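Descriptive analysis of the structure
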Amino acid sequence: MAHDEWLFTGPGTYLPHKNVEVVETIRASIISPNQALRLRALKACKDQGGKERVCGEEWLINKTGAYLPGAYEQVVGFISAYVLTENIALHLEALQSYKDRFGVDRKSGEQWLITIKDSEAFIPDVHENVLQVVNISTLTNRQYCVILDPTGEDGRNKLGQRKLIKGEKSFFLQPGERLEAGIQDVHILGEDEAIIIKAVLAFKDNGEDRAPGNLWMIRGPCEFIPSVEMEIIDRRKAMPLDENEGIYVRDIKTGKVRAVVGQTYVLNQDEELWDKPLPEQIEKLLSAEVDPVADRTARAHNKEAKARLKHKVVSYRVPHNAAAQIYDYKAKRARVVFGPDLVMLAPDEHFTQLSLSGGKPKRPNCIRSLCLLLGPDFMTDIITVETSDHARLALQLSYNWHFEHSNDSADHASALFAVPDFVGDACKALASRIRGAVAAVPFDDFHRNSARIIRTSVFGLDENMKVKDHFKFAANRLVITNVDIQSVEPVDQRTRDSLQKSVQLAIEITTNSQEATARHEAERLEQQAKGKLERQKIHDEAEAEKARTELLKLQSLSAAVESTGQATAEAQSRAESLKIEGQAAVEQAQLKAEAQNIEAENELKRINDARKGELDYIGSTNSLEIQKALKMSEIETGKFQNMVGTLGPENIAKIATSGHDNQLAMLKALGLQSTLITDGSTLSTSSTLLKVLLVLSTPLSKLRKLVFGKKTGDLFQAVNKRFYLAHLTY
């Protein structure tokens, strides 16, 4: 029919009819291994396999070789196969409902995996879409993972569920599955580690029922893999604490806070670290690391403060000769710690901050500190006073002070902190007393007696109208022991001029007095020097006369010595000559004695060597004689043993007892039972034989000792003794 299309396949020669038009020449498509040809039907037709195809339908031809498409078949393209290994899988999705090549019904949109177990090389069908290539997930024996929405036995995802997989294992994630937090390592807990676990589902844990929301802790050392019914809330490590370190721990159930000090501690599931709040100023004082003793005069600390770990126990080192007050707001009581000591605050305790006056003159709130220095120390203040004649003066005073206290008395300790600003309070009180005393005297009296007036006003007078040595504040037991007037300066110009004139006049008077005194002293010293000079002249003349007398005595003695010197020299020379001759004779005698000793020693040595050689020769000769005797005795002994061995012990015994046996047989024949007849010789022969046997039975080592011993008769005594015993036995 018109517009029909068909295919003429070769080999052959085609001559087109006049009513036929050649549309195109189609060449066969070559299909390689692991490859498929995708075709689409242009209109309803039958494929080469005889299967009906509808318009637009697509299918695959995966037979290896040449394929010539039909007239109504369109080649869409070639599809290469995916080569699957043990580590690779294909994630497929069904584009429409159909039955796949494995005979499984697939719904539109359904997803599944193809692994090497299904096919080594996979060519996706026209109704299948390859979403991705899935790599295998591998777990070692130290790893685990949790799969969300795992696939059940029916191949469907169990939404909202979780599945735990422990290593060592390899698997593919099925469509719809995903890993929670990826592949995780097994939790290895050391001896100082623990983890907090929370139950998310009800289950039994080693026979113990766990309800959702329950918390518990697992301590190391161990390996832990959480199941799907639980989750890890926190991992905690033991905190080693020195005896001077601690942490604040809060119980999340009861809210109670406590301090843990001086131990290695691990927070359990019901505890957490608690941050202790402190006022900002106390935080600065603790973190500034300022020495309260060395830096007590500093008014501003510019050091950069270090951040404090608020969960650590607040500690403060109270220096020597200082005190710190700590108030417990829970127990509502205060305690005082005397240094040197370490203060560690409980959860409800806080420091009592001291805000002291400072500067000159004193201004409040200049010095802030956590400890109170107990002194002795000093404080300096500038006050303005006015005399009775209205002269205004500025006094710079320094007070020496200390606190009178006892470490064992609680009343004394609490009284130390009774006055918040003891510096300002003491300076105001002392300034008031000084102003009152100065106001009652004129300027001239105060200028001459300023120290007495000020000390009297501060310390007061005792019963004997003498100035006391200290002044004590009863409220806080502060004791003032001394007042030092460092400077006195007038405030107004008129008073300053008057004071300057009086000072100049006093200086002039003092200068004139000193000049007169110096002149009088110079005249007195001049008269004393003249008197000393005259006395020295008289003394020198007397000494010269004494020296002249000594000279005359020495001259006379020299003349006498000169006359007797020659005789003395001759006598001394003769004595020396005789002394030398005597010493030479003594040395000659000593040398002769030493020569005789040497000759005697040599002669004695020669005699000893000769005697030693003679003794060695005699010993060698005796040794040879002894060896000769031993050899001869061994030869004789061997000869006798051979003779005895030749005869035999039975024959020797028969020879020895032959006479007695004959007599015994004769007596038996006569019928006698207890008669002994002997001639003496037989007994002697048997006795001699027994002695020989006893000698032979004696060991050779013992025989040598008896033969060559100090007593040669020991051998015969031993033989006779053994013979006597053998004779009795016989």
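Here the focus is helix H3 (residues 422-438). Helix length check: H3, at 17 residues, gives a terminal C-alpha distance of 24 Å against a target of 24 Å (1.5 Å per residue), a fit within 8%. Of all the residues in H3, the buried ones are Phe422, Val423, Gly424, Ala426, Cys427, Leu430, Ala431, Ile434 and Val438.

A word on the pattern of salt bridges. Summed over all chains, the structure comprises 27 salt bridges. In this structure, arginine 210 engages glutamate 208 in a salt bridge whose closest nitrogen and oxygen atoms are separated by 3.3 Å. Residue classification places glutamate 208 among the partly exposed residues on the basis of a relative accessible area of 41%. For glutamate 404, the salt bridge identified is with arginine 477, shortest N-O distance 3.4 Å. With a gap of 73 residues between them, glutamate 404 in the loop between strand E42 (392-403) and helix H2 (410-416) and arginine 477 in the loop between strand E43 (471-473) and strand E44 (478-490) connect regions that are remote in the sequence.

This part takes up the packing of aromatic side chains. Each aromatic ring pair is summarised here by two numbers: the centre-to-centre distance and the angle between the ring planes. Enumeration according to the criterion identifies eight aromatic pairs in this entry. Consider the rings of tyrosine 327 and tyrosine 329, whose centres lie 4.8 Å apart with planes at 75°: the pair is edge-to-face. Site record: aromatic cluster; members linked through ring pairs are Trp401, Phe403 and Phe422. The ring of tryptophan 112 is capped by arginine 106, whose NZ or CZ atom sits 4.1 Å from the centre of that ring. Sitting over the face of the ring of tryptophan 216, arginine 210 holds its NZ or CZ atom 4.0 Å from the ring centroid.

Should pLDDT be low for a region, the predicted coordinates there are not to be read in detail. Taken as a whole, the protein shows an average pLDDT of 83; of its residues, 89% reach a score of 70 or greater. Least confident of the elements in the protein is helix H9 (residues 700-707), whose mean pLDDT is 45; most confident is strand E29 (residues 246-251), at 95. This model gives residues 679-698 a pLDDT under 50, and the stretch forms 20 contacts once residues within four places in sequence are excluded. Scored below 50 in pLDDT, residues 700-713 makes 16 contacts in the model with residues more than four places away or belonging to other chains.

Reading the values: rules and limits
Residues numbered from 1 in each chain as written. Predicted model: local features only at pLDDT ≥ 70, side-chain atom pairs only at ≥ 80, totals over all residues. Heavy atoms only, no water. Helix = DSSP H or I, 4+ residues; strand = E, 2+ residues; numbered from the N terminus. Expected span 1.5 Å × (residues − 1). Buried < 20%, exposed > 50% of the residue type's maximum accessible area, 1.4 Å probe, protein only. Salt bridge = Lys/Arg side-chain N within 4 Å of Asp/Glu carboxyl O. Phe/Tyr/Trp six-rings, centres within 6.5 Å; stacked < 30°, edge-to-face > 60°. Lys NZ or Arg CZ within 6 Å of the ring centre and 35° of its normal. pLDDT = per-residue confidence, 0-100. Contact = heavy atoms within 4.5 Å.

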